[in-house]
Amino acid sequence: MFLTPNNLVNIMVQVSYIGIMAAGATLVIILGGIDLSVAAVLGFSFMVVAVTYQNLGWPFWLSIIVGLAVGAGIGLLNGILIAYGDIQPFIATLATMFAATGLSLYLTNGTPILGLPDWFQGLSQFRLAGISLQVYLMLAVFIVAGLWLRYRPAGRSLYAIGSNEEVARLSGIRVKRMQLRVYAIAGLLAAVAGLVVGARLNAAQPGAGNSSDLLSVIAAVVIGGASLAGGIGSMWGTFVGLLIIGVLNNGLTLLNVSPHLQPVVIGAVIILAVLSDGRLISMIRSRGRSTAH
């Protein structure tokens, strides 16, 4: 049955790692950018965790720190390429996406790494009040990011940069520094999502973080009302978009719809969301002009 507590909790568990990445992607899109590398960073960062633990014999806690640093580092590299290399965000993050995917396969020759600590897998199975820890982690990420966007000057500045980067720069906002910070946060959150997936699978899979995950991340942000032109978006909207994605995938699965057709439905929903977003922006601008007159 669809409307049962267990199924609703399962939906939240299934979308938790997507939601963690979507929170970072929301910041990037509000800033006026795009990050195509988050799903690949998810796979590569946890592959680094597994390789340093299994092959190099490092303590697992140190491997986790290194994996998180790798995720943040790739995000920072994206920011440097965009802010100081004047490379379009689409091209810069596309390049790092291919690089991260290739390195994941190279490190393991395309084979999964097993044998992670039992306590690590236990984290994904532990439930508090019937809800998995990874759901609480996702909610915490959304709450912290939402509060930062709403109440911190740095968070509010993202909207100014996304609306008009040159005006934001002339207003005294350090645009390049914010670009570095936001892309690094997106990379770090992708690495956190990698830990969530790794704990659930109890393995590092070279194919983790595929194109379907990237599609779901972007879909959640766009369906949640963020504008790909920048300057518009919210964590609450992305969270609602994430739930829509989760409900759609779960409902299609319960209806025995082929998993190969499910991305088709999500793609159609993205098109509808973008079309409605364009109309909404036009309405806002036309009302602004009429008010000015």
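Every value quoted in this text rests on a predicted model; they were computed, and no experiment measured them.

A few points about the packing of helix α1 (residues 5-30) against helix α9 (residues 175-201)
- For the pair α1 and α9, the least separation of the axes is 8 Å and the interaxial angle reads 175°. With respect to each other, α1 and α9 are oriented roughly antiparallel. Mapping the contact onto sequence places V13, Q14, S16, Y17, I20, M21, A23, G24, L27 and V28 in α1 and V182, Y183, I185, A186, L189, A190, V192, A193, V196, V197 and R200 in α9.
- Classifying every residue of the contact of α1 with α9 by side-chain character gives 17 nonpolar, three polar and one charged.

Digging into the packing of aromatic side chains
- Counted according to the given criterion, the structure contains seven aromatic pairs.
- Among the aromatic residues, those joined into a ring-pair cluster are F46, Y53, F60, W119 and F120.
- One residue, K176, lies across the ring of Y84, its end atom 5.4 Å from the ring centre.

Some points on the layout of surface pockets
- Its boundaries defined by the atoms lining it, the largest pocket holds a volume of some 440 Å³.
- For the largest pocket, the lining is made up of 21 residues, of which Y17, S212, D213, S216 and N249 are closest to its centre.
- Elements with a contribution of two residues or more to the lining of the largest pocket: α1, α10 (211-223), α11 (235-254) and α12 (262-292).
- Classifying every residue of the lining of the largest pocket gives ten nonpolar, nine polar and two charged.
- Put simply, the second largest pocket is a space of about 300 Å³.
- Lining the second largest pocket are 17 residues, with G32, I82, P89, E165 and Q179 sitting closest to its centre.
- Top element by residues in the lining of the second largest pocket is α9. It accounts for three residues.
- Residue composition of the lining of the second largest pocket, grouped by class: eight nonpolar, five polar and four charged.

Each value, and the rule that gives it
Residues numbered from 1 in each chain as written. Predicted model: local features only at pLDDT ≥ 70, side-chain atom pairs only at ≥ 80, totals over all residues. Heavy atoms only, no water. Axes fitted to C-alpha atoms, helices over the stretch in contact; angles between N-to-C directions. Helix = DSSP H or I, 4+ residues; strand = E, 2+ residues; numbered from the N terminus. Parallel < 35°, antiparallel > 145°, perpendicular 65-115°, else oblique. Contact = heavy atoms within 4.5 Å. Nonpolar A, V, L, I, M, F, W, Y, C, P; charged D, E, K, R; others polar. Phe/Tyr/Trp six-rings, centres within 6.5 Å; stacked < 30°, edge-to-face > 60°. Lys NZ or Arg CZ within 6 Å of the ring centre and 35° of its normal. 1 Å grid on protein atoms, 1.4 Å probe; cavity = no way out; pocket = protein on both sides within 12 Å on 5 of 7 lines; lining within 4 Å. Points joined across faces, edges and corners; volume = space filled by probe spheres on them.

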